[in-house]
Amino acid sequence: MLEIANLTVRYGAFLAVDQLTMNVAPGEIVGVVGPNGAGKSSIVKSVGGLVKPKAGSIMFDGRDLLTVPTHERINLGLSIVPEGRGLFPRMSVEENLIIGGDPLRDKARSARNIERCFELFPILKERRWQAAGTLSGGQQQMVAVSMGLMSDPRLLVLDEPSLGLAPIVIGEIGAALRTLGKTGLTVALFEQNAKLTCNVADRIYILASGCVQHHDRAEDLMKNPEILDHLM
Amino acid sequence: MSNANWILFLSTLSTGLILGSIFSLVAAGVTIVYGSIWMPNAANGQFFLLAALFGWTLTVSWGIHPAIAAILVIGVSVPLSYLLEVLLIKRFYDVPNRNISYFVLSLGITQILAGVFSLTYGQWSDQFQLPPLITGITFIGPFPIANNRLAVLALAIAILAGLFLLLRFHRYGRALRAVFQNRDAAALRGVNVKASYSMSFALGNAVIFAGGILFALAYSFDLTVAWTMAITAFAIMIIGGPGSVLGAVVIGMVFGFTQAIVSVVASPTIAAFSYLGAMLVILLFKPSGLFAK
Amino acid sequence: MDSYWKTLAVTATASATLLAAANISAAQDKPPVKIGFVTELTGPWSFFGTSCVAGLKFGEEQINSPGKRKIEFVITDNQTSPAQSVAASRSLDVQDKVLALSGPTSSDTGLAVYGYAEQNKVPFVVPVAAFPQLTKPGSRYTFRLEPNAAGWGYAIAKFVEKQKPGGKIAMIYSDYALMRAITAGLKYQAPLSKLQIVADIAFPQGSNDATVQAAQVLAAQPDYVVVIGAGGFDNTITNQLLDIGIKPQQLIHPFGITTQVMNWGKRSVGSYYGTFFDSNLDSLTPEGKTFVKDFIAKYGRPPSYGENFCFVTAHVIREALDKNPEAADDREKFRDAMSKLKTKETTSDIPIEFDKNGARKEYIYFMQMTDVEAKSYKAKQAFYAEWDPEVIPVYTLVK
Ligand SMILES: Nc1ncnc2c1ncn2[C@@H]1O[C@H](COP(=O)(O)OP(=O)(O)OP(=O)(O)O)[C@@H](O)[C@H]1O
Ligand SMILES: [Mg+2]
C-alpha cells in the first residue's frame, strides 16, 4: 500500500534519512522503531508532504505521492497524526474531530465517525466541549488518533503517540490500535517505545541514523529482545 | 433618573456601541490577516480610509444610493485584495521572518496611499461626508437618535455576527482558524494553507472596508482618520492578543465604551489617554495579550 | 507767453513720457522679483495649501501686467511640517535669494517660517494663519493679513452680546492651537460682555463621536453653541448637536469655509459662521466679484477667505513694490514699504494697514446660512465688527 524506496532527506548538509526503503502492505500494522534523531519524523513528514525529500520515491496505492500537494494527500485515504499530535489547541474536542472529518464532505458520516471515536475513547465524550489544548497529554493523544480516524483513512500513520505519556496511558493507546488493526485498518506506527510497538505491530523496522538496521516480524523480534536492546 | 441623565446614559450607550463595533471590525480585520499570514498590516488605516473615500466618490460624486455604495465598497475589496496579494503579499509566504518584511511593506503601502490621497481627495476638500442611509430621528425615551446612526449600528453588529458565525461554524472559517492555530496540522487535515492565506487576506480586508464605509456613513471624516484608526486597531489587536478575533471584538467594544464613558465622567482628552494607559497596564500583566493562545 | 507755456508743457509731457518709457523698459529688463511661497501641498493640511495657491495664481496673473517688473512666486511644498517649512525657507533664502517669504496656511508651519524670517531678517507676508504669536510684540519682519484667532473669540462675544444680552454660551471644540486661541479670546471677553460660559468641552485629536458631549451641551441649556471641530470632525459635531435637538439658529461656527458650509448642508440653514471674505457679501468690489466668478468657473465652488487672502497677498506685494520700486532688491526697504503700506483689500475694500508688530487692523463678518445647494450656498451678513488687534491682551492670553 505504501512503498518507500531510497528515500533521502537532508536538512542543509545534514543527512537525516539515507536511502531508506520500506513498505506497508494492506491490513498490516507496521512499526518503525528508532531512538531520538533516528529520522522517524523525517520519514513521516516526507509522507505527509511537510518535508521535501532530496531523493527517492514514495508510492501510495501505486500513486507517486511526491506529485500530490500536502493538503490533497488526505483525500487519497492517507491520514497522518504528526509528532506533537497536530491538534488545534483552542478548538473544542468536537471541533477538532469535525475538522478531521471535513475531507469526507458528509456531515452525517462525520457525525457517525465522531460517535465511533467516542466508543473507542469514552473519556473524550465527556470532554467533548473542552478546548483540546487544555486536555491531559493522554487525552490529547486520544483526540489526535481520533482526528486521524475521522476521515475514514485506509492508511493511518502515527508519529510517536507514546510521547510523554504514562505507561498506563500508553497501554490504552496500544489497546486502541490493536482494536483498529482488527477492523482491517492499515497502520504505520513510528515509535521510540519498542515495547508498545512490539505489542501492536505485525512487522517492525529498526531505524538508526536514517538507515534501516534490522527488519523482522514482531513475534520474532520479541523472541530476541537483545537485538532490540542492542540496536536501540 | 431625570431626562437629562437618561439622555446622557443613552447617548453614552449608543456611542459606545457604534464606535466599539467599528473598532471591532477594523481590529478583527487586522488580526485575521496577522493570524493567518503574519502580516502586521500598518496600512489598515489607509485601507479603512480608502473604503470611506471610495464610498464618498460613489455617493457624492456619482450619486449612487449609500446602501448600494456600501455593498460595492465591501465587494471591491475582494478583487483589490487579490491583486495586492498576487503582486506583493504572495512573494513572502515562504520567507521565515516575513512578519517584519510585511510590516515594512505595509509601511510602504501606507506612504503611497497617503500620498495619493493627499494629491487627489486632499485637494478637493478638507472634510468628507456621505449622505445618510436613512433620514429622520427616532426618540428612545427622551433621547433623540438619528435613524442613520441606528442603521449603521445594526449593520455593524450584523457584519460582526456574520463574521463570528462564519469563523465559528462554516468549514472555511474553521479552516482559517485551524491555520491560525497549527499550519502543518491543518495541511495534513486537508486544508489548502496557501488558499486559506488568500482567503484570510481578502476576508480581513473586506472587514476593514466594512468598518471604513460604516464609519463614513456615521461620521464626517478627513484624511487624518487613517492614522488614528491604524493606531487604534493595532492597540486593540495587541491587547486582545494578535490573531484572536474574539479578543479584537471584545477589546474593540471595550475601547468604544471607554471613549464614551471616560469622556463623560472625565473629559474626551483623558479618554484618549486612557486607551494607551489601559494598554500599558494590560501588557504589563499579560504581555501576550488578553486572549492570546 | 502762451506758446512758451505750450512748448514747455509739450516738452515736459514728452520728456515725462520718455522717462516713463525708459522706466518701463528698465523694469522689464530687470530680473523678476522672487517671493518664496512655502505652503502645504501635501500632508494633512494640503487642502488649505493648494486652495491658497489657487487663489494666489489668480492674483499673480493680474499683478504681472505688461510694463511692470515681474513678480514671481516660487512655490514650495512644506509637507505640512514645521521642520520642512524651515528647510524650504532656508533654501529659498539662500539659494533662490527671494525678496520675501510667504505662503504657510497653518499656524504650526507659519510659526516655523516666522522663526526663520525674524532671525534671518527676511520679510514674511502671512496670508492665512491666525495664531496670535505670529505678530507678537517685537516682530519686525512679519506682516499678517488674517486677523488673529484670539480676536475672533472677542468678536464672537461681541456678536452674542448684540444678539442676546446676558446670553449663555456653550463651547465644544477640538483641542488645537487655533481653537485654543479662539476660545481663550472668547473666555476673556465673555464676562466683560456680561455673557456666561455654561459648557467648555474640548476634544483631543482623532475624536470621532460627540453625541455624549452634545447631550452635555443640551443639558447646559445654552443660548448659543460655539462649535469648532478639526477637519471632518467639525461636521460630525455639528450634525450631532442638531441630532440631539440644538437649533441651527443657536450654532456659531467661528469660521466657515466653502467646503465646510456646503457640508453642514441644508439642515444647518439658520446657523452662523465667521468669515473674512464671503462670496455672498454685498460689499464685494467689482474685482472681488470677478474673482468669485473666475474661481467658480475654474474650481466649481466659490472661494473662501483663505483663497481670498492668498489672492490679496499678491496684490499687496505688488502695491508695496509699485510705491517703492527700490524695495524690489532690498529686503530692509521692502520691510519698510510693507510697514507703512496703507491700502485696501482688492476684493472688498476693507482697509489693510499693519501696526508695529505687523498685525493688521482686524475685522470679521458673521454670516447666517440661508440656503445650500449641490455646489453653492447662500448666506447673509448678520454682523460685522472691526477692532484694534490689541483690544484684548491677545499676546498674553495665548502663548
Ligand atoms: N528542520 C530541521 N533542520 C535541521 N535538522 C533537522 C530538522 N528536523 C530534523 N532535523 C535533524 O534530523 C535528524 C532526524 O530528526 P527526526 O525528527 O526525523 O528524528 P526522530 O527519529 O523523529 O527523533 P525523535 O524520536 O526525537 O522524534 C535529527 O538529528 C534532527 O536534529
Ligand atoms: Mg520524531
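Since this is a predicted model, take the numbers as computed values, not measurements.

Peer 1: Looking at this structure, how should I read the pairing of strand β4 (residues 55-60) of chain A?
Peer 2: Sheet faces and side chains relate simply in a regular strand, where the side chains alternate between the two faces. All names here are of chain A. The sheet contact formed by strand β1 (residues 2-11) and β4 spans five bridges and is antiparallel. Along β4, the bridge assignment pairs A5 with S57. When β4 meets strand β5 (residues 63-64), the two strands line up antiparallel, connected through two bridges. Counterpart to M59 in the pairing with β5 is D64. Here β4 hands over to β5 after two residues, with D61 in that stretch at a positive phi of 50 degrees.

Peer 1: Hey, could you run me through the state of the cysteines in this one?
Peer 2: Here is the idea: a disulfide is a covalent bond, and it sits between the sulfur atoms of two cysteines. Residues and elements named next belong to chain C. Counting across every chain of the model gives one disulfide over all chains. At a sulfur-sulfur separation of 2.0 Å, the disulfide partner of C52 is C310. Between C52 and C310 the disulfide shows an S-S torsion of about -105 degrees. By sign, it is left-handed. On the criterion of sequence distance, the pair formed by C52 in helix α2 (residues 46-63) and C310 in helix α11 (residues 305-323) is long-range, its members being 258 residues apart. Among the residues examined, C52 registers a relative accessible area of 2% and is labelled buried.

Peer 1: Quick question: what am I supposed to make of the coordination of the magnesium ion (ligand 2) here?
Peer 2: Six octahedral donors around a metal ideally make angles of 90 or 180 degrees; four tetrahedral donors ideally make 109.5 degrees. Residue and element names in this part refer to chain A. Only S41 (OG) and E83 (OE) from the protein reach the magnesium ion (ligand 2) as donors, at distances of 1.9 to 2.3 Å. Separated by 42 residues along the polypeptide, S41 in helix α1 (residues 40-48) and E83 in the loop between β6 (78-81) and α2 (93-101) bring together distant segments of the chain. What makes E83 partly exposed here is its relative accessible area of 37%.

Peer 1: For this particular structure, what's the right way to read helix α6 (residues 147-169) of chain B?
Peer 2: Each α-helix winds once per 3.6 residues, and so residues spaced three or four apart point in a common direction. With 23 residues, α6 of chain B extends 32 Å between its outermost C-alpha atoms, agreeing within 8% with the 33 Å of an ideal straight helix rising 1.5 Å per residue. Looking at α6 of chain B, one finds that the buried residues are N147, N148, R149, A151, V152, L153, A156, L160, L163 and L167 of chain B.

Peer 1: What's the story with the pattern of salt bridges in this structure? I'm lost.
Peer 2: A pair can form between side chains of opposite charge whenever their charged atoms are brought close. Scanning the model with the defined rule gives 33 salt bridges over all chains in all. D94 of chain B is paired through a salt bridge with K194 of chain B; the nearest N and O atoms lie 3.5 Å apart. You can see D94 of chain B sitting in the loop between α3 (66-87) and α4 (98-119) and its partner K194 of chain B sitting in helix α9 (residues 193-218), a full 100 residues away along the chain. As a salt-bridge pair, R180 of chain C and D175 of chain C come within 2.8 Å of each other at their nearest N and O atoms. Note on R180 of chain C: relative accessible area 44%, which makes it partly exposed. Salt bridges sharing common partners tie together E95 of chain A together with R168, R174 and R177 of chain B.

Peer 1: Help me understand the interface of chain A and chain B, please; the structure alone is not making it clear to me.
Peer 2: Often, the extent of an interface is quoted as the loss of accessible area on bringing the components together. Listed as interface residues are 23 residues of chain A and, on the opposing side, 17 residues of chain B. Together, the buried faces of chain A and chain B total about 2000 Å²; carbon and sulfur atoms form 58% of this surface. Of all residues in chain A, H71, F88 and R90 of chain A bury the most surface against chain B, accounting for 33% of the area lost on that side. The tally of links from chain A across to chain B stands at four salt bridges. For R171 of chain B, the salt bridge is made with D102 of chain A, and the minimal N-O distance between the two is 2.8 Å. Sorting the residues of the side of chain A that touches chain B by element identifies β6, α2 and α5 (137-149) of chain A as the ones contributing at least two each. Ranked by the residues each element gives to the side of chain A that touches chain B, the list is headed by α2 of chain A, at four residues.

Peer 1: How should I be thinking about the sheet that holds strand β10 (residues 272-275) of chain C in this particular structure?
Peer 2: Two modes of strand pairing occur in sheets, parallel and antiparallel, and in both the strands are linked by backbone hydrogen bonds. Residues and elements named next belong to chain C. Sheet architecture is open: seven strands sit in the order β7-β6-β8-β9-β10-β13-β14, paired in mixed fashion. Every other strand in the sheet has two partners, leaving β7 (196-203) and β14 (377-387) as the edge strands with one partner each. Geometrically, the sheet is characterised by an average inter-axis angle of 20 degrees between neighbouring strands, direction not taken into account. Packed onto the sheet, helix α8 (residues 232-244) meets β6 (168-174), β7, β8 (224-228) and β9 (251-253) and runs at close to 155 degrees relative to β8.

Peer 1: Explanation requested: the pairing of β7 of chain C in the structure shown.
Peer 2: Residue and element names in this part refer to chain C. Bridging between β6 and β7 involves seven bridges; their strand directions are parallel. Bridging from a neighbouring strand, K168 pairs with Q196 of β7. A crossover connection joins β6 to the parallel β7 through helix α6 (residues 177-192); in handedness this β-α-β unit is right-handed.

Peer 1: Even after reading the chapter, I still don't get the sheet that holds strand β5 (residues 142-144) of chain C, so can you show me in this structure?
Peer 2: Residue and element names in this part refer to chain C. Read across the open sheet, the five strands follow the order β2-β1-β3-β4-β5; overall the sheet is parallel. Of all the strands in the sheet, the pair left with one neighbour each is β2 (71-77) and β5. Each adjacent strand pair in this sheet contributes to an overall mean axis angle of 25 degrees, direction not counted. Across three bridges, the pairing between strand β1 (residues 33-39) and strand β3 (residues 100-102) is parallel.

Peer 1: Explain the site of ligand 1 to me, please; I cannot follow it from the model alone.
Peer 2: All names here are of chain A. In the vicinity of ligand 1, 14 residues are found, and the nearest of them are N36, K40, S41, S42 and E83. With respect to ligand 1, the side chain of S42 contributes an N or O atom lying 2.5 Å from an oxygen atom. When ligand 1 sits alone it has 630 Å² of accessible area, and the protein chains cover 64% of it. Going through the elements one at a time, β2 (14-24) and α1 are the ones with two or more residues in the shell around ligand 1. Examining the composition of the shell around ligand 1, we find that three residues originate from one element, α1, more than from any other.

Peer 1: Got a minute to help me understand the packing of aromatic side chains in this structure?
Peer 2: Remark: the centre distance and the inter-plane angle together describe each pair of aromatic rings, the angle taken between the planes. Residue and element names in this part refer to chain C. Going through the model one piece at a time under the given rule, you end up with 40 aromatic pairs over all chains. With a centroid separation of 5.9 Å and 80 degrees between ring planes, the pair formed by F58 and F291 is classed as edge-to-face. With a gap of 233 residues between them, F58 in helix α2 and F291 in helix α10 (residues 286-299) connect regions that are remote in the sequence. Relative accessible area serves as the criterion here: at 12%, F58 is assigned to the buried category. With a relative accessible area of 1%, F291 lands in the buried category. Seen in terms of ring centroids, F159 and F366 are 4.8 Å apart; in terms of plane orientation they differ by 5 degrees. Their pairing is stacked. Separated by 207 residues along the polypeptide, F159 in helix α5 (residues 149-163) and F366 in strand β13 (residues 362-372) bring together distant segments of the chain. Pairwise contacts between aromatic rings join W152, F255, F276, Y305, F309, Y363, Y365 and Y384 into one cluster.

Peer 1: What am I meant to see in the environment of G84 of chain A here?
Peer 2: Inspection of the secondary structure puts G84 of chain A in the loop between β6 and α2. Each C-alpha atom, one on G84 of chain A and one on G137 of chain A, is 10.0 Å from the other, the two residues being 53 residues apart in sequence.

Peer 1: Please explain the environment of L283 of chain B as it appears in this structure.
Peer 2: Residues and elements named next belong to chain B. With respect to the helices and strands, the residue L283 is situated in helix α12 (residues 268-285). Look at L283 and you get partly exposed, because its relative accessible area is 23%. With 42 residues separating them along the chain, L283 and G241 place their C-alpha atoms 9.9 Å apart.

Peer 1: What should I look at first to understand the interface of chain B and chain C in this one?
Peer 2: Counting from both sides, the interface comprises 39 residues of chain B and, opposite them, 39 residues of chain C. It is D126, Q127 and P268 of chain B in chain B that bury the most area against chain C; as a group they hold 21% of the surface buried on that side. Linking chain B with chain C are 15 residue pairs in polar contact (both at pLDDT 80 or more), by the criterion used here. For the side of chain B that touches chain C, the secondary structure elements donating two or more residues are α1 (3-37), α4, α5 (121-124), β2 (143-146), α10 (225-240), α11 (245-265) and α12 of chain B. Per element, the largest residue contribution to the side of chain B that touches chain C is nine residues, and it comes from α1 of chain B. Of the residues contributing to the side of chain B that touches chain C, the split by class is 20 nonpolar, 16 polar and three charged.

About the cut-offs
- The numbering scheme is per chain: residues are counted from 1 as the chain's sequence reads.
- As they are written, the chains are lettered A onward and the ligands numbered 1 onward, keeping that order.
- For this predicted model, a pLDDT threshold of at least 70 governs which residues receive local features, and a threshold of 80 or more governs which side-chain atom pairs are given and counted, while totals over whole chains, interfaces and linings are taken from all residues.
- Hydrogens and waters are ignored; side-chain quantities use all the structure's heavy atoms.
- Strands are treated as partners if at least two bridges between them are detected by DSSP.
- Strands here are runs of E lasting at least two residues and helices are runs of H or I lasting at least four, both read from the DSSP assignment and numbered beginning at the N terminus.
- Here, the term disulfide refers to a pair of cysteine sulfur atoms separated by no more than 2.5 Å.
- Exposure categories follow from relative accessible area, calculated using a 1.4 Å probe and restricted to protein chains: below 20% of the type maximum is buried, above 50% is exposed, and the middle band is partly exposed.
- Donors, by definition, are the N, O and S atoms found within 2.8 Å of a metal, the threshold being 3.2 Å for Na, K and Ca, and water is not counted, so a site can look incomplete.
- To estimate how far a helix should reach, multiply one less than its number of residues by 1.5 Å.
- Salt bridge, as applied in this entry: a Lys or Arg side-chain nitrogen positioned within 4 Å of an Asp or Glu carboxyl oxygen.
- A contact between two residues is defined here by any heavy atoms of the two lying within 4.5 Å.
- Buried area is understood as the total, over both parts, of accessible area removed when two parts are fitted together, assessed with a 1.4 Å probe.
- Axes, fitted as lines to C-alpha atoms, cover a helix only where it is in contact. Angles between the N-to-C directions of the axes lie from 0 to 180 degrees.
- Seen with its strands pointing away from the viewer, a crossover is right-handed when the path leading from the first strand over the helix to the second is clockwise.
- Nearness here has a simple test: a residue counts as near a molecule or strand if at least one of its heavy atoms is within 4 Å of that partner.
- Counted as a polar contact is a pair of N or O atoms within 3.5 Å, where, for protein atoms, one must be capable of donating a hydrogen and the other of accepting one, and residues adjacent in sequence contribute only when both atoms are in side chains.
- Only the protein chains shown count as cover for residues, and all accessible areas are computed by the Shrake-Rupley method using a 1.4 Å probe.
- Side-chain rings of Phe, Tyr and Trp (the six-membered ring for Trp) are treated as a pair once their centres are within 6.5 Å; stacked means planes under 30 degrees apart, edge-to-face means over 60, and tilted covers the remaining angles.
- Following the grouping adopted for this structure description, the nonpolar residues are Ala, Val, Leu, Ile, Met, Phe, Trp, Tyr, Cys and Pro, the charged ones are Asp, Glu, Lys and Arg, and the polar ones are all others, Gly among them.

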